[in-house]
Each structure stands twice: as structure tokens, then as C-alpha cells.
Amino acid sequence: MHIGKKSTVNHNINPKNIRPVFKESQPKLHIETYGCQMNVNDSEVVVAIMQQHGYSVTNSIEEADIILVNTCSIRDNAEQRVWGRLNEFKQQKKKRPNTIVGVIGCMAERLKEQLIEKEKTVDLVVGPDAYRDLPNLVAQVESGQKGINVLLSREETYADISPIRLDATGVSAYISIMRGCNNVCSYCVVPYTRGGERSRDPETIVNEAKVLLDNGYKEVVLLGQNVDSYKWTDSKNSTKSVNFAQLLEMVALLSPRLRVRFATSHPKDMSNGVLYTMAMYDNICNCIHLPVQSGSTRMLDLMNRKYSREDYMERINKIREIIPDCAITTDVIAGFCTETEEDHKQTISLMQEVGYDFAYMFKYSERPNTKAARHMKDDVLDDIKTERLNEIIALQNKLSELSNKKDVGKTFEVLVENHSKRSNDFLSGRTSQNKVVVFPKGKYEIGDYVNVKVTDCTSATLIGESI
Ligand code: SAH
Ligand code: SF4
Ligand code: F3S
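Criteria and cut-off values
- Once a new chain begins, its residue numbering starts again from 1 and follows that chain's sequence as written.
- The lettering of chains begins at A and the numbering of ligands begins at 1, in the order of writing.
- With pLDDT at 70 or above as the cut-off, local features in this predicted model cover only qualifying residues; side-chain atom pairs require 80 or more to be listed or tallied, and sums for whole chains, interfaces and linings still use all residues.
- Values shown for side chains rest on all heavy atoms present in the structure; no hydrogens or waters enter the calculation.
- In this description a helix means any DSSP run of H or I spanning at least four residues, a strand means any run of E spanning at least two, and both kinds are numbered starting from the N terminus.
- Based on C-alpha atoms, the radius of gyration is set beside the globule rule, defined as 2.2 Å times the residue count to the power 0.38.
- Buried residues are those whose accessible area, probed at 1.4 Å on protein chains only, stays under 20% of the maximum for their type, while exposed residues exceed 50% and partly exposed ones sit between those limits.
- Throughout, nonpolar core names a set of buried Ala, Val, Leu, Ile, Met, Phe, Trp, Tyr and Cys residues whose side chains join them through atoms within 4.5 Å.
- Contact definition: two residues touch when any of their heavy atoms are within 4.5 Å.
- A cutoff of 4 Å decides nearness: a residue is near a molecule or strand if any of its heavy atoms lies inside that distance of it.
- Asp, Glu, Lys and Arg are counted as charged, while Ala, Val, Leu, Ile, Met, Phe, Trp, Tyr, Cys and Pro are counted as nonpolar; the rest, among them Gly, fall into the polar class.
- Being paired, for any two strands, means DSSP has found at least two bridges between them.
- Think of each axis as a best-fit line through the C-alpha atoms, taken over the contacting stretch in the case of a helix, with angles from 0 to 180 degrees between the N-to-C directions.
- Boundaries of every domain are those given by an automatic assignment or by a domain database.
- Any Lys or Arg side-chain nitrogen found within 4 Å of a carboxyl oxygen on Asp or Glu counts as a salt bridge.
- Per residue, pLDDT captures the predictor's confidence, and it can take any value from 0 to 100.
- Polar contact criterion, stated in full: a pair of N or O atoms within 3.5 Å, where within protein one must be able to donate a hydrogen and the other to accept it, and residues adjacent in sequence count only if both atoms are side-chain atoms.
- Accessible surface is estimated by sampling points in the Shrake-Rupley manner with a 1.4 Å probe; for residues, cover comes only from the protein chains shown.

Looking only at helices and strands, one finds 14 helices and 21 strands in the protein. In terms of overall dimensions, the protein is globule-like: its C-alpha atoms have a radius of gyration of 23 Å, near the 23 Å expected for 467 residues. On the principal axes, the C-alpha backbone points of the protein span a range of 60 × 55 × 55 Å. Here the protein holds 467 residues, and the buried ones make up 55% of them.

Following this line, the structure appears as C-alpha cells:
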């Protein structure tokens, strides 16, 4: 292995080479990813770092020299899944004792050395801001020690690292535009696992999008916990700065054939400027993910979201006014501390009022050391949480179906991303509004833009024909 021998490392990676290397002779890395899109992109950064240090990627844990699991702490069940997986790696290690097992990402940051203490299989614990140190830490493990680095950084954005793309189809790719979060939503663990907010140099973002475009990609998704607070200031000239609306425009201008999406927007920060920029460029997709969390202002206060129900509805109305065909999606939490039946009813009524096209819906899960865990009681019974969540899910299914039914008879430009899961004779892609459309393959290929007339739908999918 070449680890630690810096002279053998080639730092001049060819920016065109953005797919993983699979080679027999090199030590092999297997990486599994849980959690959000940010983590998916971080795994691609990790592969880039490891590939520079002589590793190739394998899909099989049986032949891996290193197994890394990139983890999520957002809810307790996300962590439980990882513990289960670590137990399976333990079996693997019995067969091949030299296999290195590493936990990286949010759970590594949250639990630190406790992870190694609790699960001896784990050799390596690396937080989200310490991935550059991975090759050194691996060398440390190879010399018989455990490797741990969970330092958070105020600067790290991995701006100079070209992620190695692990997606199968080469159509859509994530680009992280910022890291961390400066909000302290009382229920949320992210500020503790990812540290403070920092924005990435816009030039490196645009370059990354350009390389993707040159490699045949048709869509980029700009990622941040709160993209609306993106702000980059030139360290040499503090009067020179770029905000999110400007960044969006810079990326959109690369090519009208490159779709641009982004997530996540925060209701307290989403500016009209962003909406006007979206309206101005056809290739910026008409879909906004605007997590509401609750329809009750009392709950929103306790959650420390910094907006009221009325503020939120004002933002929704503004979206409808500036981008009439914009899809709006959301996140909802059921059963946060002290939530009453009345609060819950307000969430239901807000969902009806907005008529979301899609939603992610969760039961509140108390996370250690958050504001809520320290100062509030997780006092809504689990059965009640489940009941409320089920009501929310049932309503959203209806709203999604209603939203899809409105699309029947309309024609959309669809970017083809894959074969349909059910049949290779069908293709599957998405509309600008981020809705999945399935249609007969005909002469089309993955990566094509196709005009599709919607003829039918389910609550999850549009069904159509190319025209
Ligand atoms: N930065 C984004 C979301 C990050 S986490 C934002 O501010 O909206 C994704 C979603 O997980 C959140 O929107 C919230 O709905 C949910 N979530 C976060 N912490 C949670 C918790 N402790 N219990 C249940 N759901 C949670
Ligand atoms: Fe968590 Fe709130 Fe930051 Fe989103 S904005 S990551 S919910 S603290
Ligand atoms: Fe999970 Fe960390 Fe993302 S906690 S949701 S992987 S930022």
C-alpha cells in the first residue's frame, strides 16, 4: 500500500476522470452511505481522496480491504440501522481479520470514541470535516492503533477536490455549495454533527458543474442545509460577494441544456431574488423544497424555526405569484414536544392550504444534547405520534394524487434518468417539477430530453407517451 508515502501520490488528478477506478491490483475500498444527499456527495469526496492514495472501489464487502460506512444521526432509527450493519461487518471481519472498518459522517461526529468503545469492530472514526486525514488514519490503523479524527472546521469545504461520481447512470450529480448549519432548530442534531455554516468559493462550484457538463451530465443539484443563506465573500476584496440567487444564475448560464436543482430552502431566508432568478431561467427547475415542520406557530416557536405560520404562507404565496407552475414539497415532524391535538390540526390544515406535491414526514425523535433534549420533555406518547404521522401521510398521499391528476393531459419536458424499475421497455425520468414520469422507451436513451404527454397517474408516478 502506498499510504503515507506522499511522493508516490499524484495530486494532479485529471478533472475529466470523474468515475471510480475498479482495478485488481490496488487495495480496495467499499463505501456505504446513509442519510441525506449531502452524505451521498461526501462519499464521492471520500472516494476521490482515497483514490488519490491508491485505492480502487469495490461493490463487494467480501473483497474490500477497507469498509467505510457514511452515517446519519438525524433520527434514532437512522443510527439503529448503522449499528445493525456494523454487526454484519463483524462477521466479515471474523472471516478476514485484516479488513479495516471505519465509521464516518454524522454518527462518527456525534459519538466520537464511544463508537469504538461500544463496537470493537470499528477501527476508524472520522467526522465530516476530517476526510482529508483519512489516508493517514488508515495508515495508523495498519500500524495497529485505532484512528480517530472528529475535529470540526470553520473553513473546510473540500472545494479543490473533484468528487468521484458513484451514481450508476451519469445524468444527475450533487454539488455541495456549503457545509454545516448556523440555525439551531431545537430538535436538530445537524449543527452539532456538521458544525458551523461556511460557503464554498463559487468559482470552484461553477467549474465542478462545467466538468460534469463536459462529461455528459444533464443535471446538477446544489446542496446545502440552508442554501438561501449561501454567501461567499472574497477574502482579498470584501466588497466582492456572491449570494445564492447570483450563484444559481452563474450555474444556470453554463448551458441551457443543464438542469439546475437545489435543496434545501429555509422559509425564513428564501428571498424573492431567488424566485425571480428561477423564473428567468428555464433550466432552473421549478421545484422548491421548503420544509415547514409544523403548521402551528406555537410549535414553530418551540422548534426555533424563526418564522410563523403566516410568514410561511406569505412565502408560499410569493412562489405561486412569481413561478405559477412551481412544485412545492416539504418536511413535516409529527409529535414534537408538547404538541396538542390542536397544533396537529393546524399542520393538517396548512398542508391542505398549500397542497404540497410531495412531502417527507417523520415522527419526532429526540436527539441527545439538542436544545429540545436539554430543555423540553419528549412528552407526546409514541402511539399518538404514530396516529398523527399516519394521518399526515394519508393526507399527503391524497394531495400527491390530486397534484398528479392535475398533470394528466399536459405535456412536460422529461429528462430521462433510467429504465423503469418494472420493465426495460419503459424509461423513467423527471419533469422540471421533480415528478417521476414513466413512458414507453421508443427510440430514446438515458440522458435524453423527451416531451412526454401525461395520460395517467398514480399517487407516486406520472405515466405518459413521448410526442
Ligand atoms: N436543513 C434542512 C433539513 C435537514 S434534516 C432544513 O432545515 O429543513 C431533514 C429533515 O429531518 C428536517 O427537515 C426535519 O423534518 C427532519 N428532522 C430533523 N431532526 C429531526 C428529529 N429530531 N426528529 C424527527 N425529524 C427530524
Ligand atoms: Fe437542522 Fe434547522 Fe439546520 Fe435544517 S436549518 S439542518 S433543521 S438546524
Ligand atoms: Fe443525517 Fe447528517 Fe445528513 S445527520 S440528514 S447525514 S447532515
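More follows now that the structure is in view.
As a rule of thumb, soluble globular proteins bury nonpolar side chains together. In this structure, Leu 222, Phe 244, Met 278 and Tyr 312 are the most contacted members of the largest nonpolar core, which totals 70 residues. Considering every element that reaches this core, the biggest residue donor is helix α8 (residues 244-252), with six residues. Setting aside residues up to four positions removed in sequence, Phe 244 forms contacts with Ile 177, Leu 222, Val 227, Asp 228, Tyr 230, Phe 262 and Val 274. One finds Val 126, Tyr 131, Val 138 and Val 141 within the second-largest nonpolar core, a separate group that totals 25 residues.

On to the site of ligand 3, then. Around ligand 3, the structure places Cys 36, Asn 39, Thr 71, Cys 72, Ser 73, Ile 74, Cys 106, Val 190, Arg 194 and Gln 225. Taken together, the residues of the shell around ligand 3 sort by class into five nonpolar, four polar and one charged.

Sheet strands associate in pairs through backbone hydrogen bonding, adopting either a parallel or an antiparallel arrangement. Spatially, the six strands line up as an open sheet ordered β2-β1-β3-β4-β5-β6, and their pairing is parallel. Because the sheet does not close on itself, it has two edges, and the strands there are β2 (56-57) and β6 (147-149). Bridge count between strand β1 (residues 28-33) and strand β3 (residues 66-71): five bridges; the pairing is parallel. Across the sheet, the residue bridging to Glu 32 is Val 69, located in β3. Across the face of the sheet, helix α2 (residues 76-95) comes into contact with β1, β3 and β4 (100-105) while running at roughly 175 degrees to β3. Of the strands in this sheet, β3, β4, β5 (124-126) and β6 touch helix α5 (residues 134-142), which is tilted by about 160 degrees from β5.

Domain annotation for the protein reports domain 1 (6-149) and domain 2 (411-466). Measuring from the centre of the C-alpha atoms in domain 1 to the corresponding centre in domain 2 gives 36 Å.

Glancing now at the pattern of salt bridges. Throughout the structure, instances matching the rule amount to 36 salt bridges. Where Asp 214 meets Lys 210, a salt bridge forms, and the shortest distance between an N and an O atom there is 3.1 Å. Linking Asp 214 with Lys 210, this pair stays in helix α7 (residues 202-214), spanning four residues, or about one helical turn. In this structure Asp 214 comes out as partly exposed when scored by relative accessible area, which is 41%. Its salt-bridge partner being Arg 257, residue Glu 413 comes within 3.2 Å of it at the nearest N-O pair. With Glu 413 in strand β17 (residues 411-419) and Arg 257 in the loop between α8 and β13 (259-263), the pair connects residues that are 156 residues apart, well separated along the chain. Relative accessible area serves as the criterion here: at 34%, Glu 413 is assigned to the partly exposed category.

To continue, consider the confidence of the model for the protein. Averaged over all residues, the pLDDT of the protein is 95; the fraction at 70 or higher stands at 97%. This model gives residues 1-14 a pLDDT under 50, and the stretch forms 16 contacts once residues within four places in sequence are excluded.

So, on to the site of ligand 1. Close to ligand 1 lie 15 residues, the nearest being Gln 225, Pro 291, Gln 293, Asp 331 and Ser 365. The separation between a nitrogen atom of ligand 1 and a polar main-chain atom of Tyr 187 is 3.1 Å. Between ligand 1 and the protein, one listed contact pairs a nitrogen atom with a backbone N or O atom of Gln 225 at 2.9 Å. Starting from 540 Å² of accessible surface for ligand 1 in isolation, the protein chains cover 89%. For the shell around ligand 1, the secondary-structure elements that each account for two or more residues are β15 (327-334) and β16 (358-363). The residue inventory of the shell around ligand 1, partitioned by class, reads six nonpolar, four polar and five charged.

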